[in-house]
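Now for the letters of each chain:
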Amino acid sequence: MDTFRDKLIPVTSILAGVVVLWYVCAIILNAPFQRDLDTRANETPEIIEFIGKTLVQPKPTLPAPHQVAVNFFENTFLRPITSNRSLVYNAWVTLSSTLLGFAFGTALGIIIAVGIVHVATLDRSLMPWIIASQTIPILAVAPMIIVVLAAVGITGLIPKAMISTYLSFFPVTVGMVKGLRSPEIMYLDLMHTYNASASQTFWKLRVPASVPFLFTSMKVAVAASLVGAIVGELPTGAVAGIGAKLLAGAYYSQSIDIWSALVAGSIVAALLVMVVGIAGRLVDRAMGGRPA
Amino acid sequence: MTGISPAVVAASKLGLTFQTNDGPVQALSNVDLTIGKGEFVSFIGPSGCGKTTLLRVIADLEKPTSGTISVNGMTAEQAREKRAYGYVFQAAALFPWRTIERNVALPLEIMGLSRAAQAERIKRTLDLVNLSGFEKKYPWQLSGGMQQRASIARALAFDADLLLMDEPFGALDEIVRDHLNEQLLELWSRTNKTICFVTHSIPEAVYLSTRIVVMSPRPGRVSDIIESTLPRERPLGIRETPEFLAIAARVRDGLRAGHSYDD
């Protein structure tokens, strides 16, 4: 229970601080428009009433936390999950392409890392390109991938998943290269004294040694994968998904919708990172890790 | 065949020069050495004298740049390929994700032994190093001395006749070290293995060895070889006897003669 108290209190106090700051910002940012409305309506409200009004605007510049919370609650729990206004439905659309892209990205990342560790030419030829690939802004690449794949008849889940793959393979590659190279010389010498083959050294030493690195990099990769899926939804004409909700909200100035979609996205991201973290801890425990 | 068993290790005019960024470094120079079956040979000397390098050459972890080395009558490489020796490193180098028994099984798995044969050898070697009952423990659950014993068990598991040990007890405290030295001697007399043991402790070298190879640095070379006159049966108390102290004094003299720190 100590870890609960150690973690919960600091985290919630930061959260409380953020909420207070958010309210202050909401009042300040929504005030000009409210003043405008009041002038046109020839009203001179008291300061308390004025502040109250800044927090209940239908299309505020910055929605107040409770407005986002109400919108989030309605769109999550009160709508049938088959409705395209349901956040659960939209989150699922994004989640499915995130997971597919993450699976592809992890597999691709591991394959590239194995190649880099075992083939010296790949190490020198591939690594610069892999690093360069991540310096290209994904927002510029995403529409091209969607458009090119649509031209050859591939639409829907796959193009979005590919963008997720593009973003998520990189941390896995970097982490796994490090992980597969993590055994010290002494362990490699030991395998050498047994006259172990390269594949025996790989499976019995390099792979188990790389597992902690894999899970650390998968945590980064799964979050990147979600970003990729959301970005991939922006140019698809806003059909469905968290990205589509964000875009639609921006079109129609539904700032509250944008923010609740954002909250949904963050919750999905947090859950994904948590699941990967728990999986990592379970695997570590199964591999005889010392309990923390 | 002449009927004389060939030397376990035979080095002749052995030299090894490392090419480093600061130019060549001569780690070994003109080493002549023959080690017979069942001997316990210690290599002692200050750091940089090439004692670990010599052990690594025997193990085919380094290639000599001049001279010849044979292990069990073969080249060092052939001997390594035939798993002619077990190697114990300065650190236990146990795989943290394997239990003690799976660590001991590692070389056996690599050699492709059946599960049943593995189990039998694991039991026998863990008995030999007094680690029975710790099969299912992970390395972090054991003390440093026990971990090093597990790594000795791993080196013994595949029945190599030659045991190469590179300062195996260097990181342990003196009480544990005494205990392990006693156990190592007992193990040696029971198994009749040939042991090459690198150390920088004079009492350890004298206590354990039938022969002590004193080495000196820059370039690494053998400066003296001392035959021990101590009996094979050695209680810890033997270290207070005049005979023991005389050998230790000779080792110390040998080290001092080859010492190049004071020039």
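Further up the page is the structure itself.
Every value quoted in this text rests on a predicted model; they were computed, and no experiment measured them.

Caption draft 1: Region of interest: the nonpolar core. One finds Ile-58, Tyr-85, Ala-153, Leu-164, Cys-196 and Val-251 of chain B to be the most contacted residues of the largest nonpolar core, which totals 85 residues. In contact with Ala-153 of chain B, other than residues within four places in its own chain, are Val-104, Thr-125, Leu-126, Leu-128, Val-129 and Leu-131 of chain B. Formed by 47 residues, the second largest nonpolar core is a distinct cluster that contains Val-68, Phe-72, Met-176 and Ala-229 of chain A.

Caption draft 2: Quick peek at the sheet that holds strand E10 (residues 221-227) of chain B. Residue and element names in this part refer to chain B. Judged by pairing direction, the sheet is mixed, and its 6 strands sit side by side in the order E6-E7-E8-E3-E9-E10 without closing on themselves. The open sheet has two edge strands with one neighbour each: strand E6 (85-88) and E10. The average undirected angle you get between the axes of adjacent strands in this sheet is 15°. Across 5 bridges, strand E3 (residues 40-44) lies against strand E8 (residues 194-199) in parallel orientation. Counterpart to Ile-44 in the pairing with E8 is Thr-199. In the packing of helix H5 (residues 144-156) onto the sheet, contacts are made with E6 and strand E7 (162-166), and the angle to E6 comes to roughly 165°.

Caption draft 3: The arrangement of the environment of Phe-158 of chain B in detail. Residue and element names in this part refer to chain B. The topology assignment puts Phe-158 in the loop between H5 and E7. A sequence separation of 72 residues divides Phe-158 from Gly-86, and the C-alpha atoms of the two residues are 8.0 Å apart. Beyond its immediate stretch of four places on either side in the chain, Phe-158 contacts Arg-83, Gly-86, Pro-107, Leu-108 and Met-111.

Caption draft 4: Inspection of the interface of chain B and chain A at higher detail. Of the residues lining the interface, 18 residues belong to chain B; the matching set on chain A comes to 15 residues. Mapped by element, the contributors of at least two residues to the side of chain B that touches chain A are helix H2 (76-81) and helix H3 (100-111) of chain B. No other element matches the 3 residues that H3 of chain B contributes to the side of chain B that touches chain A.

Caption draft 5: Inspection of helix H8 (residues 242-257) of chain B at higher detail. Residue and element names in this part refer to chain B. With 16 residues, H8 ought to run about 22 Å at 1.5 Å a step, and its terminal C-alpha atoms sit 22 Å apart, in line with that. By the burial criterion, the buried members of H8 are Ile-247, Val-251, Gly-254 and Leu-255. Seen end-on, H8 carries its buried residues on one side only, within an arc spanning 100°. Those residues of H8 that are exposed and aimed more than 90 degrees away from the buried face are Pro-242, Ala-246, Ala-249, Arg-256 and Ala-257.

What counts and how
Residues numbered from 1 in each chain as written. Chains lettered and ligands numbered in written order. Predicted model: local features only at pLDDT ≥ 70, side-chain atom pairs only at ≥ 80, totals over all residues. Core = buried A, V, L, I, M, F, W, Y, C linked by C-beta atoms within 7 Å. Buried ≥ 20, exposed ≤ 12 C-beta atoms within 10 Å, placed from the backbone. Contact = placed C-beta atoms within 7 Å. Pairing = 2+ DSSP bridges. Helix = DSSP H or I, 4+ residues; strand = E, 2+ residues; numbered from the N terminus. Axes fitted to C-alpha atoms, helices over the stretch in contact; angles between N-to-C directions. Expected span 1.5 Å × (residues − 1). Arc of directions from axis to C-beta.

By themselves, these are just geometric observations and shouldn't be taken as functional.
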